[in-house]
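Summary of the model geometry
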Number of protein chains: 2
Amino acid sequence: MEKYVPLLKNTKLFAGAGEEDIASMLSCLGARLREFGKGEYVLRQGERLGDILVLAEGSLLIQKDDYWGNRSILGNIGPGEIFGEAYVAPESGTLLNDVIAVEDSAVFFFDAKRVITTCPSACRFHTLVVQNLFYAISEKNRSLVRKLDSISRRTTREKLISYLSEEAKKQNSADITIPYNRQQLADYLAVDRSAMSGELCRMRDEGLLKFEKNRFRLL
Amino acid sequence: MEKYVPLLKNTKLFAGAGEEDIASMLSCLGARLREFGKGEYVLRQGERLGDILVLAEGSLLIQKDDYWGNRSILGNIGPGEIFGEAYVAPESGTLLNDVIAVEDSAVFFFDAKRVITTCPSACRFHTLVVQNLFYAISEKNRSLVRKLDSISRRTTREKLISYLSEEAKKQNSADITIPYNRQQLADYLAVDRSAMSGELCRMRDEGLLKFEKNRFRLL
DNA sequence: ACAAATCCGTTGTATTTACAACGAAACGGT
DNA sequence: ACCGTTTCGTTGTAAATACAACGGATTTGT
């Protein structure tokens, strides 16, 4: 676990804490490290969760399949990102989505109770971590609102433009790499893959953008 | 302000605190009460926010208009609900939505810094409030995910069923009153009003539900 | 009580999307 | 290197939706 301390230092959860502090907090917060192979489920819809998770290595997809096999993708998780934190409140019910490893991944599990309940004395940084957690979930909240904004657009083209613009802003470049293939992007934007594929090509032919696989350039 | 203390006691923000504690916290948290007439803006997209708000009385709509006048509705706010809390983090940027009073309303403004930064001694309940805030934003997070789930449906009918079912679960009854008129519901579900209106009538004719204005009964 | 404004259902048409199916290209495992 | 699988663009057709316009009913403001 210790080898990931430098990574943890750069996460939103431990922002402002030093490496020694983090190392000592690991046991205090009941940290465990679990590894998942490509395609494995990290979390399953309907489960209860008592942990706050941080992705140490790899890449995860948050998705959901309904009874008829329709898949919808909520988002992806990259190294250093926190997840699961929205389900540790007392009356939060069960998980609404699956979380799946899209490549071999390693995940930190922190005992939620120990994270949220400030411990008597030992950890000076506990208050900091709780505040960090609040800021992190705030940010996730805002990004959900932005996603709702994209997906509320009426046409496939508008959804694509909205999503790609947001991504360009986030990556601070007109050259972006997205974490989805075509089918996943369609599931993310809630449109048909083939229709979306056609729209992308039309936009390319009109000179709005270029792309090759999952790399896009906005013009 | 004091007359709202019993109401505040039943909000998610002050859950677990007694009335005297709340009364004393009001000044500690920099509380102000502002009133808004029907149709007035409580918050505007693009503004910065340094407060956490609680609706004391009335009803608010969270919405957004784009350049072409397309409106999309994110949700509504009822008495006792917290809002604005996702925008008080240091790097949260400006507001993504407008908040508008749909009827005469009264709103508490709490200074975010004072809510989040635990004060030296005085307020015993400060830690509690921060934790409550985390739980509240968690819940909002999950409800955004549910909304995304509704809105990701492909057809208008599926969106309606998804939304009405969620609402029935929330109101714990097959008889529900929704906080939107037809146009607002359409803007909420990101569909055309007239198409939605037709779909609703078709569903009624098929015996799936009954409705009269904004009251619905699921069958 | 009256005029104006809003709300809601309805209709017809144009546009957009979903769905199914196919083949070429790229990828992955043995 | 080979074969099976996945990915992606393309096409045609059916279905669903958006858009515009209208009228009756209800509500609102004065």
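Model, not experiment: these values are computed from the prediction.

On to the sheet that holds strand β10 (residues 209-212) of chain A, then. All names here are of chain A. A sheet is described by the order of its strands in space; here three strands give the open sequence β9-β11-β10, paired in antiparallel fashion. Of all the strands in the sheet, the pair left with one neighbour each is β9 (175-177) and β10. Across the sheet, the axes of successive neighbouring strands diverge by a mean angle of 20°, strand direction being ignored. Running over the sheet, helix α5 (residues 156-171) touches β9, β10 and β11 (215-218) and is turned about 100° from β9.

Time to look at the domain arrangement of chain A. Interface size is commonly expressed as the accessible surface area that is lost when the partners come together. Residue and element names in this part refer to chain A. Segmenting chain A into domains produces domain 1 (2-139) and domain 2 (153-218). The centre of domain 1, based on its C-alpha atoms, is set 29 Å off from the matching centre of domain 2. Our enumeration of links across domain 1 and domain 2 arrives at zero salt bridges. At the junction of domain 1 with domain 2, the criterion picks out two residue pairs in polar contact (both at pLDDT 80 or more).

Residue and element names in this part refer to chain A. For the coordinates displayed, the defined rule picks out 18 aromatic pairs over all chains. Measuring from ring centre to ring centre gives 6.5 Å for tyrosine 163 and tyrosine 180, while their planes differ by 40°; the resulting arrangement is tilted. On the criterion of sequence distance, the pair formed by tyrosine 163 in helix α5 and tyrosine 180 in the loop between β9 and α6 (182-189) is long-range, its members being 17 residues apart. We note that tyrosine 163, like tyrosine 180, is buried.

As a further point, take the environment of histidine 126 of chain A. Following the sequence through the fold, histidine 126 of chain A ends up in helix α4 (residues 126-151). In this structure, the C-alpha to C-alpha distance between histidine 126 of chain A and alanine 17 of chain A, residues 109 residues apart in sequence, is 9.9 Å.

Turning our eyes to something else, we now look at the protein's contact with DNA strand C. Surrounding DNA strand C, one finds 17 residues, the nearest of these being Thr156, Asp192 and Lys213 of chain A together with Arg182 and Ser197 of chain B. In the interface set of DNA strand C, defined as its atoms within 4 Å of the protein, sugar plus phosphate atoms amount to 60%. Serine 194 of chain A is positioned with one of its side-chain polar atoms (N or O) 3.3 Å from a base nitrogen of DNA strand C. Put simply, the parts of the chain that give the surface near DNA strand C at least two residues each are α7 (193-205) of chain A together with α7 (193-205) of chain B. Looking at which element gives the most residues to the surface near DNA strand C, the answer is α7 of chain B, with four residues. Its residues assigned to classes, the surface near DNA strand C shows five nonpolar, six polar and six charged.

About the thresholds
Residues numbered from 1 in each chain as written. Chains lettered and ligands numbered in written order. Predicted model: local features only at pLDDT ≥ 70, side-chain atom pairs only at ≥ 80, totals over all residues. Heavy atoms only, no water. Pairing = 2+ DSSP bridges. Helix = DSSP H or I, 4+ residues; strand = E, 2+ residues; numbered from the N terminus. Axes fitted to C-alpha atoms, helices over the stretch in contact; angles between N-to-C directions. Contact = heavy atoms within 4.5 Å. Domains from an automatic or database assignment. Salt bridge = Lys/Arg side-chain N within 4 Å of Asp/Glu carboxyl O. Polar contact = N/O pair within 3.5 Å; in protein donor to acceptor, adjacent residues only side chain to side chain. Phe/Tyr/Trp six-rings, centres within 6.5 Å; stacked < 30°, edge-to-face > 60°. Buried < 20%, exposed > 50% of the residue type's maximum accessible area, 1.4 Å probe, protein only. Near = heavy atom within 4 Å. Nonpolar A, V, L, I, M, F, W, Y, C, P; charged D, E, K, R; others polar.

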